[in-house]
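Residue-level listing of the chains:
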Amino acid sequence: MHTVEPNRAHTLFDLTGRVAIVTGGAGLLGYHHGAILAAAGAHVVVLDLAAANPALRAEQLQLAHGPECLGLAADITKEESLEHVRDQVMEKFGRIDILINNAANNPKVEDQKPGQPWSRLENFPLATWNADIAVGLTGAFLCSRVFGQEMVKRGSGVILNVASDLAVIAPDQRLYRQEGVAEHEQPVKPVTYSVVKTALLGLTRYLSTYWVAQGVRVNAISPGGVFNGQPEEFTSKLHALIPMARMAHKDEYQGAILFLCSDASSYMTGQNLIVDGGRSVL
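The shown structure was predicted, so the numbers you read here are calculated from the model rather than taken from an experiment.

## Concerning the overall build of the protein chain
Counting its regular elements, the protein chain contains eight helices and seven strands. Against the compact-globule benchmark of 19 Å for 282 residues, the protein chain has a radius of gyration of 19 Å, which places it among compact chains. Across its three principal directions, the C-alpha atoms of the protein chain cover 60 × 50 × 40 Å. When the 282 residues of the protein chain are sorted by exposure, 47% land in the buried category. Surface exposure of the protein chain reaches about 13,600 Å², of which carbon and sulfur atoms provide 55%. Once the 23 positive and 28 negative side-chain charges of the protein chain are each reduced to a mean point, those two points are 3 Å apart.

## Section: the sheet that holds strand S4 (residues 98-101)
Taken in spatial order, the seven strands line up as S3-S2-S1-S4-S5-S6-S7 in an open sheet, and their pairing is parallel. Two strands bound the open sheet, and with one partner strand each, they are strand S3 (70-73) and strand S7 (272-275). Strand-to-strand twist across the sheet, computed as the mean angle between neighbouring axes with direction ignored, equals 20 degrees. Sheet analysis places strand S6 (residues 216-223) next to S7, joined by four bridges and oriented parallel. The residue of S7 that forms the bridge with Ser222 is Ile274.

## Overview of helix H3 (residues 54-65)
The end-to-end C-alpha separation of H3 is 16 Å, in line with the 16 Å expected for 12 residues at 1.5 Å each. Those residues of H3 that fall on the buried side of the exposure criterion are Pro54, Ala58 and Leu61. The buried residues of H3 occupy an angular sector of 60 degrees when the element is viewed end-on, so they sit on one face. In H3, the exposed residues that point more than 90 degrees away from the buried face are Leu63 and Ala64. Trailing H3 by a residue or two, Gly66 shows a phi angle of about 110 degrees, which is positive.

## With respect to the packing of aromatic side chains
Here the structure, examined in full by the defined rule, presents four aromatic pairs. A centroid spacing of 5.7 Å and a plane angle of 20 degrees characterise the contact between Tyr206 and Tyr210, whose relative ring orientation is stacked. Taken together, the residues span about one helical turn, with Tyr206 and Tyr210 both in helix H6 (residues 191-210) at a distance of four residues. The class for Tyr206 is exposed, based on a relative accessible area of 52%. An aromatic cluster of at least three residues, connected via ring pairs, comprises Tyr206, Tyr210 and Trp211. Lying over the aromatic face of Tyr193, Lys189 brings its terminal NZ or CZ to 4.3 Å of the ring centre.

## Thoughts on helix H4 (residues 79-93)
Relative to the 21 Å expected for 15 residues at 1.5 Å per residue, H4 spans 21 Å between its end C-alpha atoms, a close match to the ideal helical length. Those residues of H4 that sit buried are Ser81, Leu82, Val85, Val89 and Phe93. One face of H4 carries all of its buried residues, which in axial projection span an arc of 95 degrees. In H4, the exposed positions angled more than 90 degrees off the buried face are occupied by Glu80 and Glu91. Structurally, H4 contributes buried residues whose contacts are with strand S1 (19-23), strand S2 (43-48), S3 and helix H5 (126-154).

Conventions adopted
Residues numbered from 1 in each chain as written. Predicted model: local features only at pLDDT ≥ 70, side-chain atom pairs only at ≥ 80, totals over all residues. Heavy atoms only, no water. Helix = DSSP H or I, 4+ residues; strand = E, 2+ residues; numbered from the N terminus. Rg over C-alpha atoms; globule rule 2.2 N^0.38 Å. Buried < 20%, exposed > 50% of the residue type's maximum accessible area, 1.4 Å probe, protein only. Areas by Shrake-Rupley, 256 points an atom, 1.4 Å probe, with all protein chains shown as cover. Lys, Arg positive; Asp, Glu negative; His and termini not counted. Charge placed at Lys NZ, Arg CZ, Asp CG, Glu CD. Pairing = 2+ DSSP bridges. Axes fitted to C-alpha atoms, helices over the stretch in contact; angles between N-to-C directions. Expected span 1.5 Å × (residues − 1). Arc of directions from axis to C-beta. Phe/Tyr/Trp six-rings, centres within 6.5 Å; stacked < 30°, edge-to-face > 60°. Lys NZ or Arg CZ within 6 Å of the ring centre and 35° of its normal. Contact = heavy atoms within 4.5 Å.

Here's what the structure looks like:
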């Protein structure tokens, strides 16, 4: 008969002393990703644009959870910027254990004005396409390359790519329809969001075998929509597509994030964990 060692449940999720970098870490979900890692004992590096004030968000994490945290401003589309971050993190903490590729552009479709259908494929600006790919995909590639090599040197590490339910299903454009607007002017979920999030799954699979011998695990999480004050017209239509009949709360992905970043998922790599209230099973 096998017995479970004392405190096994705690040690599986314990991140004490580990160092986690969260890109887009000052944002709505990024901050909550960092919060659960800090609560589990990790030193969290909040990486974001200067305008998002990552230093303040890191201070808030530290005050709330205890472990020393660090907020750094960087442009994740520039390798030299990330190399500077790497040097700062290594000087401060001496190691990098976890990377969450969370940063992404996500323009609000509801902000589109009638008569200005920029989101539609026929009109979608090439500059916006390039910018969205640069942040959401190239940024994840560069962060994985720069920070992942430090994990390789140590022989262990975790990379977690934040994808989306729209990496496994197509957007339902009926959610964005507006009454009285001509068909060719109807707002839609932009093409780049689905393309970037789907590509992150490919990056996940590639990296998971590329560095497997070096002890680096790479997985993805595909969260569904998070309620953040969206109009009732939109949310009521979306709830009808979700078996659980609601959007996620902003802290509701923390359990999955901690699982994927901790030893609790030690035999899991190259996978995509879908957490969407059941929407993608319909």
